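# Observations on the three-dimensional arrangement
Read off the chains here:
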Amino acid sequence: MTPSPRPTLADVTRGRILYGGDYNPEQWPESVWHEDVALMREAGVNLATVGVFSWARLEPRPGERDFGWLDRVLDLLHAGGIGVCLATPTASPPPWMGARHPETLPRDETGAVIWYGSRNHFCASSPVYRDHALGITTDLADRYGDHPALRLWHVNNEYGTACRCDTTAAHFRRWLRDRYGSLDALNDAWGTAFWSQRYGDWEEIIPPRRAQYMVNPTQELDFRRFTSDALLECFTAERDALVERTPHIPVTTNFMPLFVGQDGWAWAEREDVVSVDIYPDPADPEGDDGAAWGALVQDLTRSQARGPWLLMEQAAGPVNWRGVNHPRPEGLTRLWSLQAVARGADGICFFQWRQSRQGSEKFHSGMLPHAGPRSRTFRQVRELGADLGRLGRITGEPVTARAAVLHDWNAWWATLSAGRPSDLLTYERPLRAWHRALWESHLTCDLAHPESDLDGYALVVVPHLYLLTDAALDNLAAHVRGGGTLVCGFFTGVADTDDRVREGGVDARLRAVLGIGTVHEWWPLGEGETQPLASTGDVAGEGATGTLWREDFETDGAETVAVYRGGELDGRPAITRHNHGEGTAWYLSTLPDPAALRALLSRAADGAGVRPPLPGLPAGVEAVRRGAWLFLLNHRREPATVPLPAPATDELTGRRHEHGITLGRHGAAVLREDPPAPGSGP
């Protein structure tokens, strides 16, 4: 019998964009709850996430349940027409668990206990923690599975805890047995002939702990894989309990943005709804921590979801964890929220509804701040709710991308061990630089796993994937042979899945695609050091420089389009282009300065037939097409005028614009081209 399809985000949105945030009524006297619901309705809130950190209230003593207060909260929200995203509270075990069962507490690489008194203080491998977590989850599902307010299940919160205790060690050994089957296979994969590390018994293997010098890098890589899988086991157990009891309700857990601790591709496959938390820095709205960072996380989340996704948390004002926590300038919350909708979000939520008066986050903003409903923040919250209420027709609409940026958590993890050519080469640095260059060129892109189907992409870019599997390498070769364009960054394809350096330093299949021969040396640059580049064509403009990395390599069929100028590598190839099969492969052996990188990727995209949705945009204005709608987002602090190729109507205002539109400071428009008048043309 074919199982029924799982519910999706569309079953939650029901033709409207979700709007709301985390609601923690247990922090407030019950007399406040009615005011909360009234103000939520005034703000246009239609979804409240409840119970994320309520385990100690729901289970004040082991096995005891206190659901009465939650009954009243859900009934009150339902009476106000507000749906509920009900959380399992398992991210923050109550103090009695740590006190009675210290074995549930995580330990760090030195063996020190990470005590309770904060949050996320659990060992994912602990059977005691897992039993209690499943117990409270099951009871929540049994009690509220048929409640009319329930729209979505939210499991745990921002999974990311790591533990290296003895219970984890035993779990790690079981995981390794399943992966390798034998000690001989493990010793071969880990290269334990180095430094006399060969294991003769499974019980000798431990998680990477504090050692005299550098730890085995493949052991570290496998432990990161294992930690992601151990946490995923916890999520899956709770998810399965919920699905069994409420097959009609979708399940999510909220990712942290571009977080290193979880293999997001594997996790997204287990969710009905993919959601993420995004907290850009308003002090730098045009920099890496602002709109460009938001676009990267949004593109990644949409790609994980393979469609619409949910922004589970953002801030309505200042956060409280940065050294200096800046408020958001007028209009910025609206702008960044609409950017998320443009890039596929069907829900915009915040942490949290009412700003806390006590606890560690009392200076973290809320939709309803300490200043109350007459505050500037709450006015903007109401205005955003009204805007999102006008965009219901957009829910479910796709964001189509013909370019893909390849991203893989295994490759990221493999770069984290010590003993690399340069500590300055982090995984994120090229990824963020390349995505930003595409974003500034208005080239919408997906992120994709290197083994995924690339047939729908004319342009595939690889900023930096140190580790590539055989399947991934074959996939890239097939993409280019079949007529695709590949732009590949430095220090890519160096290691196999066990972090073993491939023969020749770079895999031979990739070298053949790129048309390069011997890679003599990796030649990294120091902090702040640059390398002048000279173009042999028109690729690198005058004054272009490389940063972070260089390589001394030979070409083998590739055309050199830019060379290093000056220093030890004077005249050596820096950027190459190679025709391979029906396609084209570019190779960048350095990180060009932002303008040069933007120009190069734009040229490669144009050659592949990938172009922006609207030409001639002013600097700082972002354009994204979602379905039939064109989003225009002004990230500048001053107005900007955008010419339009055809008359269009703004969904946010209802105004028709004939030839152009002026966007105010941090302004936005959601345009739909007007149909031609009858008889106006063929």
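Throughout what follows, the structure given in this document is the object of discussion. Remember, predicted model here, so these are calculated numbers, not experimental data.

Moving on, we get to empty space enclosed by the protein. Taken as a whole, this structure holds seven cavities of 30 Å³ or more when the rule is applied. The calculated volume of the largest cavity comes to roughly 80 Å³. Along the walls of the largest cavity sit 13 residues, with Phe255, Met256, Phe259, Gln304 and Trp409 positioned nearest its centre. When residues of the lining of the largest cavity are assigned to their parent elements, the largest contribution, four residues, is made by helix 11 (residues 291-305).

Where helix 15 (residues 428-440) meets helix 18 (residues 594-607), the closest approach of the two axes is 9 Å, and the angle between their N-to-C directions is 65 degrees. Relative to helix 18, the element helix 15 lies roughly perpendicular. For the crossing formed where helix 15 meets helix 18, the hand is right-handed. Here helix 15 contributes Ala433, Trp434, Ala437, Leu438 and Glu440 to the contact with helix 18, which in turn contributes Leu597, Arg598 and Leu601. Tallied by class, the residues present in the contact of helix 15 with helix 18 amount to six nonpolar, no polar and two charged.

Attention shifts here to the packing of aromatic side chains. This model, assessed by the stated rule, comprises 26 aromatic pairs. For the pair Phe172 and Phe226, a centre-to-centre distance of 5.2 Å together with 50 degrees between the ring planes defines the contact as tilted. With Phe172 in helix 7 (residues 166-180) and Phe226 in helix 9 (residues 217-245), this residue pair connects regions lying 54 residues apart in the sequence. By relative accessible area, which is 0% here, Phe172 ends up buried.

With that out of the way, let us pick up the pattern of salt bridges. Under the counting rule described, the total for this entry stands at 50 salt bridges. Among the ionic pairs, Arg72 bridges to Glu30, the shortest N-O distance being 2.8 Å. Remark: Glu30 occurs in the loop between strand 1 (18-23) and helix 2 (33-43) and Arg72 occurs in helix 4 (residues 68-79); sequence separation between them is 42 residues. Assessed through its relative accessible area of 38%, Glu30 is described here as partly exposed. In this structure, the salt-bridge partner of Asp470 is Arg502, at a minimum N-O distance of 3.0 Å. Separated by 32 residues along the polypeptide, Asp470 in helix 16 (residues 470-481) and Arg502 in the loop between strand 13 (485-488) and helix 17 (508-514) bring together distant segments of the chain. For Arg502, a relative accessible area of 12% translates into the label buried. Linked through salt bridges whose partners overlap, the residues forming this network are Asp299, Arg302, Arg343, Asp446 and Glu622.

One recurring pattern in soluble globular proteins is that nonpolar side chains are buried together. Grouped together as the largest cluster of nonpolar side chains are 180 residues, with contacts concentrated most on Val50, Leu77, Leu486 and Val487. At nine residues, helix 9 tops the list of elements feeding residues into this core. Leave out the neighbours within four places in its chain, and Val487 touches Trp434, Leu459, Val460, Val461, Val462, Trp586, Leu588, Leu600, Leu601 and Ala604.

Another point: the state of the cysteines. Under the defined criterion, the tally for this structure stands at zero disulfides. Lacking any disulfide linkage, Cys85 is separated from the closest cysteine sulfur, that of Cys349, by 7.6 Å. In this structure Cys85 comes out as buried when scored by relative accessible area, which is 0%. As a non-bridged cysteine, Cys163 has Cys165 as the owner of its nearest cysteine sulfur, 3.4 Å distant.

Cis geometry is found at the peptide bond from Phe351 to Gln352, where omega equals 0 degrees. Along the polypeptide, Gln352 turns up in the loop between strand 9 (345-350) and helix 13 (376-389). Here the phi dihedral of Ser196 falls at roughly 55 degrees; this positive angle occurs in a residue that is not glycine. Mapped onto the elements, Ser196 comes out in the loop between helix 8 (183-190) and helix 9. Judged by its relative accessible area of 72%, Ser196 is exposed. Backbone geometry at Asp499 places phi at a positive 60 degrees, although glycine is not the residue there.

Further remarks concern the environment of Gly63. Of note, Gly63 is situated in the loop between helix 3 (55-58) and helix 4. Owing to a relative accessible area of 57%, Gly63 belongs among the exposed residues under this scheme. Placed 52 residues apart in sequence, Gly63 and Asp11 show a C-alpha to C-alpha distance of 34 Å.

Together, Phe194, Trp195 and Tyr213 line one region of the surface with nonpolar side chains, adding up to about 400 Å² of accessible area. One can find Phe194 in the loop between helix 8 and helix 9. By relative accessible area, which is 52% here, Phe194 ends up exposed.

For the rest of this paragraph, the subject is the sheet that holds strand 22 (residues 621-626). Taking strand neighbours across the sheet as the criterion, the five strands line up as 22-23-28-25-26 in an open arrangement whose pairing is antiparallel. Two strands lie at the open edges of the sheet, namely strand 22 and strand 26 (656-657), each paired on one side alone. Pairing between strand 23 (residues 629-634) and strand 28 (residues 668-673): five bridges, direction antiparallel. Looking across to strand 28, one finds that Leu632 is bridged to Ala669.

What follows covers the layout of surface pockets. Taken as a whole, the largest pocket holds about 670 Å³ of empty space. What lines the largest pocket is a set of 25 residues, among which Phe53, Ser92, Ser118, Arg119 and Ser360 lie closest to the centre. Per-element accounting of the lining of the largest pocket gives the leading share, three residues, to helix 3. For the lining of the largest pocket, the per-class residue count stands at eight nonpolar, 12 polar and five charged. When its volume is computed, the second largest pocket comes out at roughly 500 Å³. Taken together, 25 residues make up the lining of the second largest pocket; nearest its centre are Phe194, Asn216, Pro217, Thr218 and Asp499. Where the lining of the second largest pocket is concerned, the elements lending two or more residues are helix 8 and helix 9.

Our next topic: the sheet that holds strand 1. The sheet built from nine strands is open, its strands ordered 5-4-3-2-1-9-8-7-6 with parallel pairing. In this open sheet, the two strands that pair with only one neighbour each are strand 5 (251-252) and strand 6 (254-255). In this sheet, strand 8 (residues 309-313) lies alongside strand 7 (residues 275-277) in parallel orientation, the contact comprising three bridges. When the sheet's bridge partners are listed, Val276 is paired in strand 8 with Leu311. Strands strand 1, strand 2 (47-50) and strand 3 (83-87) of the sheet are contacted by helix 4, whose axis makes an angle of about 170 degrees with strand 2. Across the sheet, helix 12 (residues 332-342) is in contact with strand 8 and strand 9; its angle to strand 9 comes to roughly 145 degrees.

So, on to helix 4. Over its 12 residues, helix 4 runs 17 Å from end to end, which matches the ideal 16 Å to within 8%, given 1.5 Å per residue. Of all the residues in helix 4, the buried ones are Trp69, Leu70, Val73, Leu74, Leu76 and Leu77. Each buried residue of helix 4 sits inside an arc of 160 degrees when the element is viewed along its axis, so together they form one side. Residues of helix 4 that are buried make contact with strand 1, helix 2, strand 2, helix 3, strand 3 and helix 6 (127-144).

The rules behind the values
- Throughout, a residue's number is its position along its own chain's written sequence, starting from 1.
- Confidence filtering applies because this is a predicted model: local features only for residues at pLDDT of at least 70, side-chain atom pairs given and counted only at 80 or more, and all residues used for totals across whole chains, interfaces and linings.
- The side-chain values count all of the structure's non-hydrogen atoms but skip hydrogen atoms and water molecules.
- In this analysis a 1.4 Å probe is tested at points of a 1 Å grid over the protein atoms alone, and where it fits but cannot get out there is a cavity; an open set with protein on both sides within 12 Å along at least five of seven lines is a pocket; lining residues have an atom within 4 Å of a point.
- Grid points are joined across faces, edges and corners, and a volume is the space filled by probe spheres set on the points.
- Under the DSSP-based scheme used, a helix requires at least four consecutive residues in state H or I and a strand at least two consecutive residues in state E, with every element numbered from the N terminus.
- Here an angle of 0 to 180 degrees is reported between the N-to-C directions of two axes, which are lines fitted to C-alpha atoms, with helices fitted over the stretch in contact.
- What sets the label is the angle itself: under 35 degrees gives roughly parallel, over 145 gives roughly antiparallel, 65 to 115 gives roughly perpendicular, and the rest give oblique.
- Definitions for this section: a left-handed crossing has its near helix turned counterclockwise from the far helix by less than a right angle. A right-handed crossing has that turn clockwise.
- The contact criterion used throughout is that any non-hydrogen atoms of two residues lie within 4.5 Å.
- When residues are sorted by character, Ala, Val, Leu, Ile, Met, Phe, Trp, Tyr, Cys and Pro go into the nonpolar class, Asp, Glu, Lys and Arg into the charged class, and all the rest, Gly among them, into the polar class.
- Working definition: a ring pair exists when centres of Phe, Tyr or Trp rings (six-membered ring for Trp) sit within 6.5 Å. Plane angles under 30 degrees give stacked, over 60 give edge-to-face, the rest tilted.
- Buried residues are those whose accessible area, probed at 1.4 Å on protein chains only, stays under 20% of the maximum for their type, while exposed residues exceed 50% and partly exposed ones sit between those limits.
- Salt bridge, as used here, is a side-chain nitrogen of Lys or Arg placed within 4 Å of a carboxyl oxygen of Asp or Glu.
- Throughout, nonpolar core names a set of buried Ala, Val, Leu, Ile, Met, Phe, Trp, Tyr and Cys residues whose side chains join them through atoms within 4.5 Å.
- Whenever a pair of cysteine sulfur atoms sits within 2.5 Å, that pair is classed as a disulfide.
- For patch building, the residue pool is restricted to those with more than 30% relative accessible area and no salt bridge; the joining distance is 9 Å between like charges and 5 Å between nonpolar side chains (Val, Leu, Ile, Met, Phe, Trp, Tyr).
- Throughout, the Shrake-Rupley method with a 1.4 Å probe supplies accessible areas, and for residues the shown protein chains are the sole cover considered.
- Two strands are said to pair when DSSP picks up at least two bridges between them.
- The length a helix should cover is 1.5 Å for every residue beyond the first.
- Read the arc as the range of directions from the helix axis to the C-beta atoms.

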